[in-house]
Structure formats: C-alpha cells, structure tokens
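Observations on chain architecture
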Amino acid sequence: MAGASYSMPASIAFAAAMAGELGWTPLLNYLLTVTALLVAFYVVFRTGANLRFAEPGLTTAQVMAPLPPGLYLMYHVGSHEARAAMLLTVIVPLFYGLLDFGMRRFLGVTAVYFVAYCALFAVLAWHQPELLQDPDEWIMLIALAALMVQLGLIGGFVSELGDVLRRKNRELGEALTRIADMAVHDELTGVYNRHHLVDVLRREVSRAARGDAVFSVCLMDLDLFKQVNDRHGHLVADEVLRRCAHHVESRIRDIDTFGRYGGEEFVLVLPATGAPAARDVAERLRRELADLEFANDAGERFGITVSVGIAVSPRSPSATVDALLHEADAALYDAKNSGRNRVCSAAVPG
Ligand SMILES: Nc1nc2c(ncn2[C@@H]2O[C@H](COP(=O)(O)OP(=O)(O)OP(=O)(O)O)[C@@H](O)[C@H]2O)c(=O)[nH]1
C-alpha cells in the first residue's frame, strides 16, 4: 500500500521538476522522506513489530503517512494547476482505508486531510496574499471540500458494508465450526459419534495393516438399559448415558477415541494397545461405571453396569472395520450371555 501511495505524487513531482514548476531540492527531500517511510514500514512489518499495535495492518498510519510529504510538495510547487494535480494523488491513500476503517474513523481521517490542506492554503496565502484573490484557489478549496464530503459519505457506506461483511464472515466461520463439530459429535452425550468412530477405526485398521502397531476396540453396552428407561423414565436414562459417556471420556488417554456407536452402545478405540492392556482398561472402566450412583426424580438411587466385548486388530491387509466390529460384537454377546457386567475378548488373531 505504502509504495503505491508515494509513487504517483513522486512521478507528478518529477514531471513538475522537469517542467521547472518544482525545485530539485524539494523533490530530493520528498524522495528521501518517502524512502525513509517505506523502509520504516518494511522493517516494522518484517520484524512483526506491527503485531503489537491494536491495528496490526497499520492502515491508519499508512493512510496518514503520505500526507505530510505530500503537503510539503504542494507547498513548494509553483503553479496551482500542478498543486491541484498533486492534491488529487495525495488523497488517493484514503481509498485504502475504505474497507478497513469504520465509518467514524474514515470520516475523521478525511477531515484531517481537509484541515491539513486548509492549513497549507493558509500558510501559502500568508506568504502570497494574492492567492486569496485568485478564484481558482477558492474553487480548488471548495472542490476539495465537496470531494471530501462525498468521499466521507461513500467511505462511510463502504466501511459499514465492510463491517457487515466482516460480521457475516465471522458468523459464517462460527457456523462452519459448529457444523464441523456437530458432524463428529453425538448430540445427547457430546462424545464422538458413530461417523467419527468409523473414520478413526478405518485409519487405525490401515495403520495396523501396514504393520505399524496393533490396536484394540472395546464395544461397551449398558446392561438392561431398557429397565432403566422403564423404571426411571427417558430423561433420567438420558442422563445416565451422558454421565457414563463423560466418565469414560475423562478416564482415557489423549490418543484413545471414545464415542457413542448408537443407542446405549459405546466404542472405545485404543491405539498401540494389545489384548491384555485393553482388557485391563476395559475392566477398570467397567468397575468405575458400576460404582457410579444415579438418582431418579423421586430421589431413588440406582446404579448401572456395562458389558464389554474386545477385539484386537489383526496385522493383515485384508482386515476391515466391519470384521473387527463384528468380532467385538461377538465378544460382547458372550459377555451378555455369561451374565453381563463383564469383559470378554475375541480370540486373539495370530
Ligand atoms: N433414554 C434413552 N434410551 C435409549 C436411547 N437409545 C437407546 N435407548 C434405550 O436403550 C434400550 C436398549 O434396550 P435393549 O436393546 O433391549 O437392551 P438392554 O435393555 O440394555 O439389555 P441388554 O443389552 O441385553 O443388557 C431401549 O429401551 C432403548 O429405548 C437414548 O438415547 N436415550
């Protein structure tokens, strides 16, 4: 932005110097000043010092910085035609503020530009009182005032539009995050959903197929959950599901994945875990869940138990998620059939 803000006044100033309208010394001073400003902005951005400011893009500074050197050029230029041409280029940086500034700041910066030019005109008129008699000077001042008002209104409108766009963009970003979150989480319990579990299982199956590591799957099913619903009501049963899910989620490693597979059935994926360790984990969780205490609306206390079926991934390229879950399900079936509240493992693959 900064480079573009200086190149136009610089080229007009150069043309004015060639035409004898501007001395070479003011031109040189201008070029040195804007070079110093450009280097300063470059260093600030390059070193990341801009991040310490409330406005890291430094738009206000970048819009304001070309004004003093521009006024300096206009002060030294000979004819008011050349000054008018420079004035047009000096106000160009204002456009860079259109999208970044809010309405108030844009109007404020526009006002500063206008007041600065009025000050320049006053100084010029002090040294050359005949300027006050020159209708062209007044026309230029009035034209600038009208231009600034127009620019202020357009700028304010665009700024507001920018605000709306930024807000909509933020809302869209938040909505996307929510949707992405909903896509992988179970609505009732907040733990991962079946869709995500299957994704994780697919990843683990292909990793195990490459021979990287074995992993285990625990299929956990709340025992006699129909009775919980029938005796204590759907809402209390929902709360049981939530608490059990949160308990397990809080008691596993970061690398493990736990989620609700459906109904009262949960899946725990244990990467880099063989059958004995998976069994230990499942046993511990089974005991802890059996120790949880729940209460219905009448204050009656009750507990629940879970049955768990464990399957360990085979190191085989032909292994599939379905086959693994089928094994875990068969082990869970054994656990249910042998009295519930227990952990059963599928036969360990060779
Ligand atoms: N409150 C509530 N109940 C659910 C939900 N999902 C499934 N259930 C209930 O869970 C019960 C599962 O019952 P069954 O499949 O017969 O199994 P069970 O009673 O747990 O018996 P076993 O699995 O053999 O120990 C059914 O009554 C379902 O209505 C849910 O999101 N909320």
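Residues numbered from 1 in each chain as written. Predicted model: local features only at pLDDT ≥ 70, side-chain atom pairs only at ≥ 80, totals over all residues. Heavy atoms only, no water.

For the pair helix H9 (residues 225-232) and helix H10 (residues 234-250), the least separation of the axes is 7 Å and the interaxial angle reads 135 degrees. As the angle between them shows, H9 and H10 are arranged oblique. Together, Phe225, Val228, Asn229 and His232 of H9 and His234, Val236, Ala237, Val240 and Leu241 of H10 make up the contact between the two elements. Class assignment of the residues belonging to the contact of H9 with H10 gives a composition of six nonpolar, three polar and no charged. (Axes fitted to C-alpha atoms, helices over the stretch in contact; angles between N-to-C directions. Helix = DSSP H or I, 4+ residues; strand = E, 2+ residues; numbered from the N terminus. Parallel < 35°, antiparallel > 145°, perpendicular 65-115°, else oblique. Contact = heavy atoms within 4.5 Å. Nonpolar A, V, L, I, M, F, W, Y, C, P; charged D, E, K, R; others polar.)

What follows concerns helix H7 (residues 135-184). Look at H7: 72 Å from first C-alpha to last across 50 residues, which is about the 74 Å you get at 1.5 Å a residue. Among all positions in H7, only Glu137, Met140, Leu141, Leu144, Met148, Leu151, Gly152, Gly155, Gly156, Ser159 and Gly162 are buried. At the N-terminal end of H7, a side-chain oxygen is found 2.9 Å from the backbone nitrogen of Asp136, two or three residues along, and the residue is Asp134. (Expected span 1.5 Å × (residues − 1). Buried < 20%, exposed > 50% of the residue type's maximum accessible area, 1.4 Å probe, protein only. Polar contact = N/O pair within 3.5 Å; in protein donor to acceptor, adjacent residues only side chain to side chain.)

With that settled, consider the packing of aromatic side chains. Under the defined criterion, the tally for this structure stands at four aromatic pairs. With a centroid separation of 5.9 Å and an interplanar angle of 75 degrees, the aromatic rings of Phe14 and Trp24 are classed as edge-to-face. Of the two residues, Phe14 is situated in helix H1 (residues 2-18) and Trp24 in helix H2 (residues 24-47); the sequence distance between them amounts to 10 residues. A relative accessible area of 48% places Trp24 in the partly exposed class. With a centroid separation of 5.4 Å and an interplanar angle of 75 degrees, the aromatic rings of Phe121 and Trp138 are classed as edge-to-face. In this pair, Phe121 is assigned in helix H6 (residues 103-127) and Trp138 in helix H7, connecting sequence segments 17 residues apart. (Phe/Tyr/Trp six-rings, centres within 6.5 Å; stacked < 30°, edge-to-face > 60°.)

Among the seven residues that make up strand S6 (residues 306-312), seven are buried, leaving the element largely enclosed by the rest of the structure. The alternating pattern of S6 places Val306, Val308, Ile310 and Val312 on one face and Ser307, Gly309 and Ala311 on the opposite face, and all of these are buried. Two elements, strand S1 (residues 215-222) and S6, share seven bridges in a ladder whose sense is antiparallel. Considered in S6, the bridge of Asp221 is made with Ser307. The pairing of S6 with strand S7 (residues 343-345) spans three bridges and is parallel. The partner of Val308 across the bridge, within S7, is Val343. (Pairing = 2+ DSSP bridges.)

This part takes up unusual backbone geometry. Located in the positive-phi region is Ala272, a residue other than glycine, with phi close to 50 degrees. Along the chain, Ala272 falls in the loop between strand S3 (265-271) and helix H11 (275-291). Phi angles above zero are rare outside glycine, and Arg340 is one such case at about 65 degrees.

Now for the side chain of Arg286. Mapped onto the elements of the fold, Arg286 is located in helix H11. Take Arg286: its relative accessible area is 13%, and that puts it in the buried class. Beyond its immediate stretch of four places on either side in the chain, Arg286 contacts Val306, Asn341, Arg342 and Val343.

What follows covers the sheet that holds S6. Reading across the sheet, the five strands line up as S2-S3-S1-S6-S7 and stay open at both edges, with mixed pairing between neighbours. Both edges of this open sheet fall to strand S2 (257-262) and S7, since each of them pairs with a single strand only. Pairs of neighbouring strands in the sheet enclose a mean axial angle of 20 degrees, with direction left out of account. In this fold helix H12 (residues 321-337) packs onto S1, S2, S3, S6 and S7, with an angle of close to 145 degrees to the strand it touches most, S6.

As a structural note, the neighbourhood of the ligand is formed by 17 residues, with Leu224, Phe225, Lys226, Asp238 and Arg260 the closest of them. Lys226 is positioned such that a nitrogen or oxygen atom in its backbone is 2.8 Å from an oxygen atom of the ligand. One nitrogen or oxygen atom from the side chain of Lys336 is found 2.9 Å from an oxygen atom belonging to the ligand. Across the complex, the protein chains shield 67% of the 660 Å² of accessible surface that the ligand would expose by itself. Mapped onto the shell around the ligand, the elements with two or more residues apiece are S1, H9 and H10. Broken down by class, the residue content of the shell around the ligand amounts to six nonpolar, three polar and eight charged. (Near = heavy atom within 4 Å. Areas by Shrake-Rupley, 256 points an atom, 1.4 Å probe, with all protein chains shown as cover.)

Mapped onto the present numbering, the UniProt feature "transmembrane region" (unreviewed entry) falls on residues 27-45, 82-99, 106-126 and 138-158. Annotated as 100% helix and 0% strand, the span residues 106-126 places its first and last C-alpha atoms 30 Å apart. Helix makes up 100% of residues 138-158 and strand 0%. Its end C-alpha atoms lie 29 Å apart. (UniProt positions renumbered as here; feature names shortened; annotations may be inferred.)

By size, the foremost hydrophobic cluster in this structure holds 40 residues, and its most contacted members are Leu22, Met74, Met86, Leu94, Tyr113, Tyr117 and Met148. Where this core is concerned, the elements lending two or more residues are H1, H2, helix H4 (67-76), helix H5 (80-90), H6 and H7. Of all the elements, H6 adds the most residues to this core, at eight residues. In this view, Tyr113 contacts Val63, Met64, Leu67, Val90, Ile91, Pro93, Leu94 and Met148; residues no more than four positions away in its chain are not counted. Ranked by size, the runner-up nonpolar core spans 31 residues in total, among them Val191, Val228, Ile304 and Val306. (Core = buried A, V, L, I, M, F, W, Y, C linked by side-chain atoms within 4.5 Å.)

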